[in-house]
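# Examination of the molecular architecture
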Amino acid sequence: MSYIIVKESPPLKGSVRVSGSKNAVLPIIAATLLAEGTSVINGVPNLKDVQVMSELLCHLGARVSMEGEKLIIDATNIEKLEAPYNLVNKMRASFLVMGPLLSRYRKAKISMPGGCAIGSRPIDLHLKGFRALGAEIVNHEHTYNEQGYVEASVNGDLVGEKIYLDFPSVGATENIMMAAVFAKGVTVIENAAEEPEIVDLANYLNNMGAKVRGAGTNTIRITGVETLKPVEYTVIPDRIEAGTYMVAAALTRGDVVIENVIPDHVKPAIAKLTEIGCHIEEYDSAIRVVGPEVIESTTIKTMPHPGFPTDLQSLFMALLCLCDGKSTVTETVFENRFMNAPELMRMGANIEINGKTATIKGVSCLIGAEVVATDLRAGAALIIGGLVAKGETKVRNIYHIDRGYVDIVGKLSNLGAKVYRVEEE
Ligand code: EPU
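What counts and how
- As a convention, each chain's residues are numbered from 1 in the sequence order in which they are written.
- It should be noted that, the model being predicted, local features are given only for residues of pLDDT at least 70 and side-chain atom pairs only at 80 or more, the latter also being counted only at that level, while totals for whole chains, interfaces and linings use all residues.
- Computation of side-chain values covers all heavy atoms of the structure but excludes hydrogens and water.
- UniProt positions are given in the numbering used here, feature names are shortened, and annotations may be inferred rather than shown by experiment.
- To qualify as a helix, a DSSP run of H or I must reach at least 4 residues; to qualify as a strand, a run of E must reach at least 2; elements of each kind are numbered from the N terminus.
- The globule rule is 2.2 Å times the number of residues to the power 0.38, and the radius of gyration it is compared with is taken over C-alpha atoms.
- Note on exposure labels: buried denotes an accessible area under 20% of the residue type's maximum, exposed denotes more than 50%, and partly exposed covers the range between, all computed with a 1.4 Å probe on protein chains only.
- Two residues form a contact once any of their heavy atoms are found within 4.5 Å.
- Lys and Arg are tallied as positive, Asp and Glu as negative. Neither His nor the chain termini are counted.
- A charge is said to be at NZ when it belongs to Lys, at CZ for Arg, at CG for Asp and at CD for Glu.
- Any residue with a non-hydrogen atom lying within 4 Å of a molecule or strand is treated as near it.
- Nitrogen and oxygen atoms within 3.5 Å of one another constitute a polar contact, given that in protein one can donate a hydrogen and the other can accept it, and given that sequence-neighbouring residues count only through two side-chain atoms.
- When residues are grouped by polarity, Ala, Val, Leu, Ile, Met, Phe, Trp, Tyr, Cys and Pro land in nonpolar, Asp, Glu, Lys and Arg in charged, and all others, Gly among them, in polar.
- For two strands to pair, DSSP has to find at least two bridges joining them.
- A fitted line through C-alpha atoms serves as each axis, taken over the contacting stretch for helices, and the angle formed by two N-to-C directions is quoted from 0 to 180°.

Within an unreviewed UniProt entry, the label attached to the protein chain reads UDP-N-acetylglucosamine 1-carboxyvinyltransferase, and the organism entered is Filifactor villosus. Taken from UniProt, the Catalytic activity (unreviewed entry) comment for the protein chain reads in full: "phosphoenolpyruvate + UDP-N-acetyl-alpha-D-glucosamine = UDP-N-acetyl-3-O-(1-carboxyvinyl)-alpha-D-glucosamine + phosphate". The record in UniProt for the protein chain states the following under Sequence similarities (unreviewed entry): "Belongs to the EPSP synthase family. MurA subfamily."

## Structural notes on the overall build of the protein chain
Each helix and strand counted, the protein chain has 14 helices and 26 strands in total. Its C-alpha radius of gyration of 22 Å places the protein chain within 12% of the 22 Å reference for a compact globule of 425 residues. Along the first, second and third principal axes, the C-alpha atoms of the protein chain reach 65 × 45 × 40 Å. When each of the 425 residues of the protein chain is scored for burial, the buried share is 57%. Considering only contacts within the protein chain whose residues lie at least 6 apart along the sequence, 74% involve residues at least 24 apart. Where the 42 positive side-chain charges of the protein chain centre and where its 50 negative ones centre are 1 Å apart.

## Focus: the UniProt feature "active site" (unreviewed entry) in the protein chain
Feature annotation in UniProt places "active site" (unreviewed entry) on C116, given in this structure's numbering. For C116, the position within the fold is in the loop between β7 (107–111) and α5 (124–132). What C116 contacts, discounting residues up to four positions off in sequence, is R92 and R121.

## Some words on the site of the ligand
In the vicinity of the ligand, 21 residues are found, and the nearest of them are D124, L125, S169, D311 and V333. Between N23 and the ligand, the recorded distance is 3.0 Å, taken from a side-chain N or O atom to an oxygen atom. Here an oxygen atom of the ligand and a side-chain polar atom of R377 are 2.8 Å apart. Put simply, the parts of the chain that give the shell around the ligand at least two residues each are α1 (22–31), α5, α6 (170–180) and α12 (376–386). At three residues, the largest contribution of residues to the shell around the ligand is made by α5. Residue composition of the shell around the ligand, by class: 10 nonpolar, five polar and six charged.

## A look at the sheet that holds strand β19 (residues 326–330)
Sheets are built from strands paired through backbone hydrogen bonds, the pairs being either parallel or antiparallel. With mixed pairing, four strands are arranged side by side in an open sheet as β18-β19-β21-β20. One side of each edge strand has no neighbouring strand; the edge strands of this open sheet are β18 (299–301) and β20 (350–354). This sheet shows a mean twist of 15° between the axes of neighbouring strands, independent of strand direction. As judged from the three bridges shared by β18 and β19, these two strands associate in the parallel manner. Within β19, the position partnered with T299 by the bridge is T328.

## Brief notes about the side chain of D49
Its place among the elements puts D49 in helix α2 (residues 48–60). With residues near it in sequence (within four places) discarded, D49 still touches K22, L26, M91 and R403.

Pasting the structure below:
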């Protein structure tokens, strides 16, 4: 198993370029299924999750090739309408093919994603939306040979409806948007997710000829159209990767320019880093972060966008381990996203978990240890924490990190970090 070694490093200095957004590109890849012909997506991060989604599209019958950061997908001949367990199991976002398949072929059968390290992550809201549009849903919970699959189908057309989401789920909003593009009449999603990735998907669908209005607000209206055409599109930069390097700059008391960022997308990170004492400069598509002398304490509560993103929670927790005084971090989006705390505690952090809230008492330093990445963001947080830990930190289970960070070792090394990847069979 490969691992990453991190040694105590000097303050990070220089500039780092953020890659295209993982969580924007995954639904957009699924959306290419909505049109016959060849779609081209630019700025695609070369990540394990993108490979898995591409593999899934190939399994369905699409032709997929990657040239640098350009992903080329020909979805003319879709032969299968079924996503098997071995692909959905690798990545929950595979479930996002259900909306487009149901929409274009009126039928889809997908293995249920199941839980994962950060929580149980149900799909009830996705299914509630499909049902509202007129789909029949069969949950194969007790069917021999079909066990664990969920099937959606419709006789005739899907029909637009008003759908209220009990929680502004990112995935459910995306899946329902894609299911609704050909539905007769108007679909309204209320309490929709407002994340920038939703807006990117809506822009992509609209470029294809869809009529999606209101993305980025909590009410999205989709007026059904007859056909969509394949287009060329460039995906937005990854706001969570940007936030990761912003935290790295702050924690190491560095001075880093993060390039290819939309500053509006990282407002919560800018706000919290300013509160803890960083100096931040915003440019059109870059942000400079100068770390503070003393990391002031703060309170963080994760929320759906535009609140503080759950995906930056573990990174900020690592940062606050060295705060002056006592900070609190409350996680409201996923029920099990504090698995990183015990790993940070192995490095000398003082963290107490009480339900949804972690209380972090700042310590004067962290100490390198052998730790395990429990999920993607948790893994990145351990690497960043290792930069300021005395001695050496060994991060295991780095396959999680490969799912979502393009060359994190190379990018940090270019900023002066002492970080190495060791490949092992
Ligand atoms: N939820 C339900 N029912 C549903 C769907 C979601 O109860 O049908 C609950 C979930 O259990 C969770 C909450 O709603 O408690 C939020 O889940 P959401 O559906 O918004 O998340 P997601 O679409 O599964 C995406 C990102 C995650 C990110 C979350 C929240 C992708 C591929 N994944 O997941 O990214 O944390 O939104 O912003 O877009 C990551 O990149 O590390 C990552 C986990």
